[in-house]
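Structural features, examined
For reference, the chains in residue letters:
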Amino acid sequence: MVVVSGSNAQQVAEQLALALKWDHVQLEARRFPDTEGYIRIPEEQIEAIRKEPVVVVSNTFPDAGIVETLLMLKAISDVRKGSLENLRGIEPQRMENIGPGVYLAVPYFGYSRQDKRFKPGEVISARAIADMLATQCDGLTVLDLHAPQVLENLDIPVAFTSAMPELANHLQSEVKPDFILSPDKGAIDRASQVAQLIDCEFSYLEKTRIDAHTIIHKAKDLDVQGKVVAIVDDMIATGGTICRAADALRSQGATEVHAACSHGLFTGGAIRRLTQFVDGVHATGSLANPRSVIDAGEALARGVRELLNN
Ligand code: R5P
């Protein structure tokens, strides 16, 4: 079986292929001068793509990633159906349809945070993207999706997977935290799993988001005096959530504060801001980022195995 990638998730695709002990096939993925994307399955890879089930690894972030994902899935589905007709007359033009077997593994699912309709007329973006993807593949696995409920009853099987075991391993060997903090209620399940795996104390903060850049954390007494604390979240974007939480921890006596997440988006000077508040930032390579120190391959492999076994 093969793991296939385009331009936005090559490294994590290689890690997944290694974890599954499958081959990795890199598609030709480039941009026209007007920025539109182009995808081609190299002729020498057509046999590999048709032989057995295929797992496409692609992020739906940034926006161009959505289009690239859809184009890759369509190119693969055409080849598997045997639709090779081409104007250059390169043979064969048609082959036998080998049926289903195209799975999509999304390390970072862009648009996942718009998972509810807060006002009439809003689009539930996460669902809209997933519905589009579901028309082009036979199963989907997503790494640390912000709110998995949004994909309930999708038209194809979905396997949710998480890099929290890998985060826990990494923190245990590199940071040795005494305390794990979830910066808001939404991250409680993930962060408490890390605390359980490390076997250390755990608590959470109550966060109110005023806008994309303004966050208020409800004051809460935390027993962190003299302790090494790791804040665990699914993603870090502007870093605002982590900086406010780190502030609360320092003011209550934490001696060392680290931030760990699956998805390191680090937008708009986030790394610079974070380094003023925390002693270390640790992320997986779900998407390319300057703090990618945790391999997400095995976590994605668990999702792929679940899909294939079901
Ligand atoms: C939101 O609920 C997420 O889990 C993260 O806490 C949030 O997206 C992080 O964003 P930022 O780094 O901009 O505060």
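Thresholds, definitions, all that
Residues numbered from 1 in each chain as written. Predicted model: local features only at pLDDT ≥ 70, side-chain atom pairs only at ≥ 80, totals over all residues. Heavy atoms only, no water. Near = heavy atom within 4 Å. Polar contact = N/O pair within 3.5 Å; in protein donor to acceptor, adjacent residues only side chain to side chain. Areas by Shrake-Rupley, 256 points an atom, 1.4 Å probe, with all protein chains shown as cover. Pairing = 2+ DSSP bridges. Helix = DSSP H or I, 4+ residues; strand = E, 2+ residues; numbered from the N terminus. Axes fitted to C-alpha atoms, helices over the stretch in contact; angles between N-to-C directions. Contact = heavy atoms within 4.5 Å. 1 Å grid on protein atoms, 1.4 Å probe; cavity = no way out; pocket = protein on both sides within 12 Å on 5 of 7 lines; lining within 4 Å. Points joined across faces, edges and corners; volume = space filled by probe spheres on them. Nonpolar A, V, L, I, M, F, W, Y, C, P; charged D, E, K, R; others polar. Domains from an automatic or database assignment.

1. A few points about the site of the ligand
Every one of the 15 residues lining the ligand counts as a neighbour, but Asp-233, Asp-234, Thr-238, Gly-239 and Thr-241 are closest to it. Within the side chain of Arg-113, a nitrogen or oxygen atom sits 3.1 Å from an oxygen atom of the ligand. Ala-237 places a polar main-chain atom, nitrogen or oxygen, 2.8 Å from an oxygen atom of the ligand. Here the ligand has 370 Å² of accessible area as a free molecule, and 91% of this is covered by the chains.

2. So, the sheet that holds strand β1 (residues 2–5)
Whether parallel or antiparallel, the strands of a sheet pair through hydrogen bonds between backbone atoms. The strand order across the open sheet built from six strands is β2-β1-β5-β6-β7-β8, with neighbouring strands paired in parallel fashion. Looking at which strands have only one partner, the edges of the open sheet turn out to be β2 (23–26) and β8 (158–161). Neighbour-to-neighbour, the strand axes of this sheet turn through a mean angle of 25 degrees, independent of strand direction. Alignment of β1 against strand β5 (residues 54–57), held across four bridges, turns out to be parallel. The partner of Val-4 across the bridge, within β5, is Val-56. Running at roughly 155 degrees to β8, helix α9 (residues 297–309) makes contact with β5, β6 (102–106), β7 (139–143) and β8 of the sheet.

3. Details of empty space enclosed by the protein
Applying the stated rule across the entire model yields one cavity of 30 Å³ or more. Of the voids in this model, the largest cavity is the one considered here, and its volume is about 40 Å³. For the largest cavity, the full set of lining residues is Ala-29, Arg-30, Arg-31, Gly-37, Tyr-38, Ile-39, Ala-64, Val-67, Glu-68 and Leu-71. Secondary structure elements with two or more residues in the lining of the largest cavity: β3 (28–31), β4 (37–40) and α3 (63–81). Class assignment for the residues of the lining of the largest cavity results in six nonpolar, one polar and three charged.

4. Points about the pairing of β3
Summarising the sheet, β3 and β4 pair through four bridges and their orientation is antiparallel. Directly across from Ala-29, in β4, lies its bridge partner Ile-39.

5. Observations concerning the layout of surface pockets
Roughly 860 Å³ of internal volume is contained in the largest pocket. Contributing to the lining of the largest pocket are 26 residues, with Arg-113, His-146, Asp-184, Lys-207 and Arg-209 lying nearest its centre. Listed by contribution, the elements that provide at least two residues to the lining of the largest pocket are β11 (207–211), β13 (228–236) and α7 (240–251). By residue number, the principal contributor to the lining of the largest pocket is β13, which donates four residues. Along the lines of polarity and charge, the residues of the lining of the largest pocket split into nine nonpolar, seven polar and ten charged. Shared between two domains, the lining of the largest pocket takes at least three residues from each, and those domains are domain 1 (2–162 + 297–309) and domain 2 (164–285). Of the pockets and cavities examined, the second largest pocket occupies roughly 710 Å³. In terms of lining, the second largest pocket is formed by 21 residues, of which the most central are Arg-40, Ile-41, Ile-46, Leu-84 and Asn-86. Elements represented by at least two residues in the lining of the second largest pocket include exactly β4, α2 (46–51) and α3. Sorting elements by how many residues they give to the lining of the second largest pocket places α3 first, with four residues. Considered class by class, the residues forming the lining of the second largest pocket number twelve nonpolar, two polar and seven charged.

Remember, this is a structural readout, not a statement about activity or role.
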